[in-house]
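Here is how the chains run, residue by residue.
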Amino acid sequence: MTIATQLNELKANIPDSVKLIAVSKYHSADTIMEAYNEGHRLFGESRVQELVEKKELLPDDIEWHFIGHLQRNKVRDIVPFVSMIHGVDSLRLLREINKRAKQINKTIPCLIQLHIADESSKFGFSFDECRELLASNEWSKFQHVKICGVMGMATFTDNEKQVKSEFKSLYRFFHEIKEQYFTNDRFFCEVSMGMSQDYTLAIEEGSTMIRIGTAVFGEREY
Ligand SMILES: *Cc1c(COP(=O)(O)O)cnc(C)c1O
């Protein structure tokens, strides 16, 4: 199947309210253009160097979402153009994003990454660590980051019950902190969860943004 077909089938099968981030990591600029030419504008990348190189080759109206683990010393490379940073997993990272964004007078939409999988390899706060972070209040003084919601990755398993319950826990946590810290904040509205193998479950559990790589582009090219 072509990328156009896969993209359009996917879009036909998800509610309009759910944003589709086409995860183009390890795919060339030419491949990305195939999706772009179908009208797609939301793309996700997880490595800074790769993103910076490809961004140069591609149209300016693409909205780039950084979805991977972000090192603090790379923040300034993406802050000038990135639309959203999904994987904020420490206060120090948030502080650095704020600092770099301030220098160029921008405000960067960010999602807090929560560790919901039962795998040690995935990044993110535990729910309690995140509660602590929010209670500490330092984040609320940052003028150049906008916390827009949460992001998480479920365990890589065929056990649907487990995946569903992990997504459910993230959704519930989103509402918990929304009520406590973001009650009247209309920007705090995103739950970024769901990848190629589990996006249907994620949508059932309240996802507002799915991050899809292989189901759009096929196997990664490099
Ligand atoms: C690679 C990646 C995805 C997409 O994975 P697929 O299984 O190819 O859909 C989604 N989210 C993150 C954080 C990723 O690194």
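Residues numbered from 1 in each chain as written. Predicted model: local features only at pLDDT ≥ 70, side-chain atom pairs only at ≥ 80, totals over all residues. Heavy atoms only, no water.

## Some remarks on the nonpolar core
Within the largest apolar cluster, 63 residues are counted, with the highest numbers of intra-cluster contacts made by Trp-64, Ile-78, Ile-85, Ile-97 and Leu-114. By residue number, the principal contributor to this core is helix α7 (residues 160–181), which donates 6 residues. (Core = buried A, V, L, I, M, F, W, Y, C linked by side-chain atoms within 4.5 Å. Buried < 20%, exposed > 50% of the residue type's maximum accessible area, 1.4 Å probe, protein only. Helix = DSSP H or I, 4+ residues; strand = E, 2+ residues; numbered from the N terminus.)

## Remarks on the packing of helix α6 (residues 127–136) against α7
Put simply, α6 and α7 touch, their axes get as near as 12 Å, and they point 15° apart. Comparing their axes, α7 and α6 come out roughly parallel. Regarding α6 and α7, the two cross each other, and that crossing is right-handed. Along its contact with α6, which presents Phe-127, Cys-130, Arg-131, Leu-134 and Ala-135, the element α7 presents Ser-169, Leu-170, Phe-173, Glu-176, Ile-177 and Tyr-181. Taken together, the residues of the contact of α6 with α7 sort by class into 8 nonpolar, 1 polar and 2 charged. (Axes fitted to C-alpha atoms, helices over the stretch in contact; angles between N-to-C directions. Parallel < 35°, antiparallel > 145°, perpendicular 65-115°, else oblique. Left-handed = near helix turned anticlockwise from the far one by under 90°. Contact = heavy atoms within 4.5 Å. Nonpolar A, V, L, I, M, F, W, Y, C, P; charged D, E, K, R; others polar.)

## Remarks on the site of the ligand
The environment of the ligand is formed by Val-23, Lys-25, Ile-67, Met-151, Met-153, Met-195, Ser-196, Arg-211, Ile-212, Gly-213, Thr-214 and Arg-220. Take Thr-214: an N or O atom from its side chain is 2.7 Å from an oxygen atom of the ligand. For the ligand, the protein covers 90% of the area, taking 390 Å² as the surface of the free molecule. Here the residues of the shell around the ligand sort into 6 nonpolar, 3 polar and 3 charged. (Near = heavy atom within 4 Å. Polar contact = N/O pair within 3.5 Å; in protein donor to acceptor, adjacent residues only side chain to side chain. Areas by Shrake-Rupley, 256 points an atom, 1.4 Å probe, with all protein chains shown as cover.)

Read these as spatial facts, not as claims about activity.
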